[in-house]
Amino acid sequence: NAGVTQTPKFRVLKTGQSMTLLCAQDMNHEYMYWYRQDPGMGLRLIHYSVGEGTTAKGEVPDGYNVSRLKKQNFLLGLESAAPSQTSVYFCASSYSDLRWQETQYFGPGTRLLVL
Amino acid sequence: RKEVEQDPGPFNVPEGATVAFNCTYSNSASQSFFWYRQDCRKEPKLLMSVYSSGNEDGRFTAQLNRASQYISLLIRDSKLSDSATYLCVVLMDSNYQLIWGAGTKLIIKP
């Protein structure tokens, strides 16, 4: 039982390049989330999904796209990377809606540097 | 004003001491509150939920003050392994999304 995994762990991009971050969970969770964490700020929600085939915008969705083609995977795409997207990206999952006091389980993070 | 505010620290505390963190939130309708712990360059992990009546888990005590809109975390008999950043998190009633504080860094010294 690996929990939540993320690939890659670290990546350097040039401005304008694209990339996809992969998140996988083996806990059969319905809900999955992508956050970014920047120095001096709390985690901010980028996009989330409440089930296979569904996605929704979070607090800071601009410049990112997501897909949830399989229940266990949640992909985060950057179509044209910008230096402002330099951050640590965390994926998380939960069994159901957070209103029911569900625990979020986090992946180890992806450190992205955009030059 | 930030929705969830925390003193960034760092708090430098000798081993065995008691340390307390406060966190203030702006949305009075928020119903659920949590403390997460994040070790350096690691992912956040849930430390404890905060209930209206306050709750305790071993050396850790969390309290909620709705009137003043703050939550607190008390760590007694601190250990070296308690060194981490402590994140205050509030569940928004409007959209059931979590709003995260920037965290308070705690350093326990021998």
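Up top is the structure.
On a predicted model such as this, the values are computed, not experimentally measured, just so you know.

On to the pattern of salt bridges, then. Tallying each qualifying case throughout the model produces seven salt bridges over all chains. Two residues, Glu 30 of chain A and Lys 71 of chain A, come together in a salt bridge whose shortest N-O distance is 2.9 Å. Note that Glu 30 of chain A is positioned in the loop between strand S3 (19-25) and strand S4 (31-37) and Lys 71 of chain A in the loop between strand S7 (65-67) and strand S8 (73-78), a separation of 41 residues in sequence. One salt bridge in this structure joins Arg 76 of chain B and Glu 56 of chain B, with 3.5 Å as the shortest N-O distance. In this pair, Arg 76 of chain B sits in the loop between strand S8 (70-75) and strand S9 (84-91) while Glu 56 of chain B sits in strand S6 (residues 55-57), placing the two residues 20 residues apart along the sequence. Owing to a relative accessible area of 59%, Glu 56 of chain B belongs among the exposed residues under this scheme.

A few words on the side chain of Ser 94 of chain A. Here Ser 94 of chain A lies in strand S9 (residues 87-94). A distance of 2.9 Å separates a polar atom in the side chain of Ser 94 of chain A from the backbone oxygen of Ser 96 of chain A.

Residue and element names in this part refer to chain A. The pairing of S3 with S8 spans six bridges and is antiparallel. Along S8, the bridge assignment pairs Leu 22 with Leu 75. As paired strands, S7 and S8 are joined by three bridges and run antiparallel to one another. When the sheet's bridge partners are listed, Ser 67 is paired in S8 with Leu 75.

Now for the interface of chain B and chain A. Between chain B and chain A, the residue contacts involve 20 residues of the former and 21 residues of the latter. When chain B packs against chain A, close to 1,700 Å² is buried across both sides, 53% of that on carbon and sulfur atoms. Of all residues in chain B, Tyr 96, Gln 97 and Trp 100 of chain B bury the most surface against chain A, accounting for 31% of the area lost on that side. Where chain B packs against chain A, one counts zero salt bridges. Remark: the boundary between chain B and chain A carries one residue pair in polar contact (both at pLDDT 80 or more).

Here we take up the sheet that holds strand S1 (residues 4-7) of chain A. Residue and element names in this part refer to chain A. One open sheet accounts for four strands, arranged S1-S3-S8-S7; its pairing is antiparallel. Looking at strand neighbours, the two that pair on one side only are S1 and S7, the edges of this open sheet. Averaged over neighbouring strand pairs, the angle between their axes works out to 20° when direction is ignored.

Attention now moves to the packing of aromatic side chains. Here the structure, examined in full by the defined rule, presents eleven aromatic pairs over all chains. Judged by centre distance (6.3 Å) and plane angle (85°), the ring pair of Phe 90 of chain A and Phe 106 of chain A falls under edge-to-face. With Phe 90 of chain A in strand S9 and Phe 106 of chain A in strand S10 (residues 105-106), this pair connects stretches of sequence that are 16 residues apart. Neither residue differs from the other here; Phe 90 of chain A and Phe 106 of chain A are each classed as buried. When the centroid spacing of 5.6 Å and the interplanar angle of 85° are considered together, the rings of Phe 106 of chain A and Trp 100 of chain B count as edge-to-face. Here the residue Phe 106 of chain A occupies a position in strand S10, and Trp 100 of chain B occupies one in strand S10 (residues 98-100), the pair thus bridging two chains. Across this residue pair, the class does not change: Phe 106 of chain A and Trp 100 of chain B are buried.

The rules behind each value
Residues numbered from 1 in each chain as written. Chains lettered and ligands numbered in written order. Predicted model: local features only at pLDDT ≥ 70, side-chain atom pairs only at ≥ 80, totals over all residues. Heavy atoms only, no water. Salt bridge = Lys/Arg side-chain N within 4 Å of Asp/Glu carboxyl O. Helix = DSSP H or I, 4+ residues; strand = E, 2+ residues; numbered from the N terminus. Buried < 20%, exposed > 50% of the residue type's maximum accessible area, 1.4 Å probe, protein only. Polar contact = N/O pair within 3.5 Å; in protein donor to acceptor, adjacent residues only side chain to side chain. Pairing = 2+ DSSP bridges. Contact = heavy atoms within 4.5 Å. Buried area = accessible area lost by both parts, 1.4 Å probe. Axes fitted to C-alpha atoms, helices over the stretch in contact; angles between N-to-C directions. Phe/Tyr/Trp six-rings, centres within 6.5 Å; stacked < 30°, edge-to-face > 60°.

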